[in-house]
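The residues making up each chain are set out below.
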Protein chains: 2
Amino acid sequence: MEQVTRVKMADVARTAGVSVATVSKVVNGRYGVSQETLARVQQVIDDLGYEASLGARSLRSHRTNVLGILVAEFEPFSTELLKGAGSVVASTGYELLAYSGGGGGEVGWERRYLSRLSGTLIDGAVIVTPTVLDTYPGVPVIAIDPHAGPSGLPTVDSDNLAGGVMATEHLISLGHRRIAHLGGRTDLDSARLREQGFRQAMAAAGLPVDESLVLPGGYRRLTSAAPAHDLLDRPDRPTAVFAANDLSALAVLDAARDLGLRVPHDVSVVGFDNVPESALSEPPLTTVAQPLREMGATALRMLADLVSGREVPMHLRLATELHVRSTTAPPPPF
Amino acid sequence: MEQVTRVKMADVARTAGVSVATVSKVVNGRYGVSQETLARVQQVIDDLGYEASLGARSLRSHRTNVLGILVAEFEPFSTELLKGAGSVVASTGYELLAYSGGGGGEVGWERRYLSRLSGTLIDGAVIVTPTVLDTYPGVPVIAIDPHAGPSGLPTVDSDNLAGGVMATEHLISLGHRRIAHLGGRTDLDSARLREQGFRQAMAAAGLPVDESLVLPGGYRRLTSAAPAHDLLDRPDRPTAVFAANDLSALAVLDAARDLGLRVPHDVSVVGFDNVPESALSEPPLTTVAQPLREMGATALRMLADLVSGREVPMHLRLATELHVRSTTAPPPPF
DNA sequence: ATGAAAGCGCTAACAT
DNA sequence: ATGTTAGCGCTTTCAT
């Protein structure tokens, strides 16, 4: 029989002729219920389609069997992580709740979301690119790719330094000597490490870094447009640009097109991240891939361990990997 | 001051020297609080970093300002919808909670999830590809791409029939005559419509359908592997395969590679959905695009309307569109 | 303007 | 084996 209002435990209890406590025991598989009663109550539960309210249950029991993944926004980066987390959650026995304000991640969003959900709705959380890296009292938390470097929180990220080296070495091996770096957000750890990788590879090859060819791009397509243009619109322009992420690499592609430069014939471009958009550009972007799915999966497994009181590593760093597509080639001859 | 336990309303009340009732009024912007008290309480809230527990709040108020999107699994299809929903949620003033068991969607998962969350945690839900299409008592619900055809639930989907026709006509226009169809899940409406489109286009071109070339693939890469292999590993293999979705098309690509067949030289492949992965395959997949982001965005807007008591259309069908990439070409000569 | 008290749906002692 | 009772953290009358 369908009712117009949600079926609650009291409804089940009344229908089965028992107390709510007994129903609760049945639902939670506690001892102290006769076979006969159990069968009857179970039958009523099925008939009525009863399912315990997560809110009410967790308010009382402080255990929900649900893990959270908190993101500022559902965009390509975070949803890749989500796919990774989703692919392993079943094997942990938990269910997965992804939460986003939809806004655009005001500073401290992670703390608000966590307070909202923790203690009542989720047993622990994976936080994606938190801006503030406090430890959170009483809630198991794993950070993915935090903006500031590792602190008290168990963290999963990828090897930004090695990635920066890889991108730069790739260009050097093609014969480039005059290489520019369109940087990311200078306040972010990942951007600093990618630049450091760039400098390290240049130094190792005995190549000078022209400081006028190292410009901040801000990780976004819009903020990268002007510096990308400046980089390419000069008589002594570089033969290659290593951009700190794919979005800014795309901006370099835009700038090249505007200036009538062909990629990779006139100038080579390497990005970072390997978001799907990077494969869809024209030409498809050579980029350093972060293993986003694997990072999501790893973080979720760590969280499950943490919630179960098992030991987890403080910092897990996954390898990055160069994906050579079509924006890199040897430099033009003089 | 950081505490070791979650700060709750009682903590705020004690610190500010008022009752929890007053704090509640401040938090919810109710009238009946003096300017002075309001300022003091607000200050304490900020100092302590207090945020109301979603569970406790909604248990009492039955209004949460959170919309849910319920999916069987976080895979490319559902996460695209999620991106679409996420992109508009801010403009509706709601926050967004995505929920998944992680399992593989036992029958009736949507009812379980909905019971769990509705009434207490979310004000309404978008359900992605529900298997059972009941109306749900007392909860505003929008269905995306339901497995059974439209029923009592407001629904958003795309034109699967036209898409199936489009994919097949594309292959026919390239000169293919012997075309296979790797189907989806036979219990799903979308799969049936795509196959129907296939048959319709074949019939319109006066081409026979070899029934041994129509195999179910189950919409997943794993379940499609065997039938994809069977389709290609026969002396009279088809010159083209129309796969019911991108994941199974990717499985066809895998099978072709295993068998040493080149795509599209030896066999052409068309997918359906246009998930990001389809552009990343090698070679990039020709596919029928569903406007997934738009579907997600539309469904979320409809849900917001429904929750606000506004009228919503019963059935919104969005157009599909062929994206020709690199897995289709004329058939090999004999 | 403020606070006391009841209760949302559930679980966990503690009776019986 | 079953029921009674007391909350979980919050909102909401209803007093004051």
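Scroll up to find the structure.
All of the points below concern the structure found in this document. Everything numeric in this text was worked out from a predicted model, so none of it was measured.

When glycine is set aside, most residues are seen to have a negative phi, and most peptide bonds are trans. In this structure, Pro 264 of chain B follows Val 263 of chain B across a cis peptide bond, with omega equal to 5°. The residue Pro 264 of chain B is located in the loop between helix H10 (246-258) and strand E9 (268-273) in this model. Going from Glu 282 of chain B to Pro 283 of chain B, the amide bond is cis rather than trans, its omega being -5°. Tracing the backbone shows Pro 283 of chain B in the loop between helix H11 (276-280) and strand E10 (286-289). One non-glycine residue, Thr 129 of chain A, lies in the positive phi region at around 45°. Along the chain, the position of Thr 129 of chain A falls in the loop between strand E3 (124-128) and strand E4 (141-144). Non-glycine residue Asp 145 of chain A carries a positive phi angle of around 50°.

With that settled, consider helix H9 (residues 221-232) of chain A. Residues and elements named next belong to chain A. Relative to the 16 Å expected for 12 residues at 1.5 Å per residue, H9 spans 16 Å between its end C-alpha atoms, a close match to the ideal helical length. Of the positions making up H9, those classed as buried are Ser 224, Pro 227, Ala 228, Leu 231 and Leu 232. The buried residues of H9 occupy an angular sector of 130° when the element is viewed end-on, so they sit on one face. Buried residues belonging to H9 abut strand E6 (179-183), strand E7 (214-216), strand E8 (240-243) and helix H10 (246-258).

Here we come to the interface of chain B and chain A. As a measure of interface size, the accessible area lost when the parts come together is often cited. Contacts between chain B and chain A engage 50 residues on the former and 52 residues on the latter. Taken together, both faces of the contact between chain B and chain A bury some 3,900 Å²; the carbon and sulfur share is 57%. Counting the contacts that link chain B with chain A gives 10 salt bridges. Between Arg 112 of chain A and Glu 51 of chain B there is a salt bridge, with its nearest N and O atoms 3.4 Å apart. Viewed at the interface, chain A and chain B are joined by 16 residue pairs in polar contact (both at pLDDT 80 or more). Counting only elements with at least two residues in the side of chain B that touches chain A, the list comes to helix H4 (54-61), helix H5 (76-92), strand E2 (95-100), helix H6 (109-117) and H11 of chain B. The leading source of residues in the side of chain B that touches chain A is H5 of chain B, at seven residues. For the side of chain B that touches chain A, the per-class residue count stands at 23 nonpolar, 16 polar and 11 charged. Bridging between strand E2 (residues 95-100) of chain A and E2 of chain B involves five bridges; their strand directions are antiparallel. Within E2 of chain B, the position partnered with Tyr 99 of chain A by the bridge is Leu 97 of chain B.

Reading the values: the criteria
- Residues numbered from 1 in each chain as written.
- Chains lettered and ligands numbered in written order.
- Predicted model: local features only at pLDDT ≥ 70, side-chain atom pairs only at ≥ 80, totals over all residues.
- Heavy atoms only, no water.
- Helix = DSSP H or I, 4+ residues; strand = E, 2+ residues; numbered from the N terminus.
- Expected span 1.5 Å × (residues − 1).
- Buried < 20%, exposed > 50% of the residue type's maximum accessible area, 1.4 Å probe, protein only.
- Arc of directions from axis to C-beta.
- Contact = heavy atoms within 4.5 Å.
- Buried area = accessible area lost by both parts, 1.4 Å probe.
- Salt bridge = Lys/Arg side-chain N within 4 Å of Asp/Glu carboxyl O.
- Polar contact = N/O pair within 3.5 Å; in protein donor to acceptor, adjacent residues only side chain to side chain.
- Nonpolar A, V, L, I, M, F, W, Y, C, P; charged D, E, K, R; others polar.
- Pairing = 2+ DSSP bridges.

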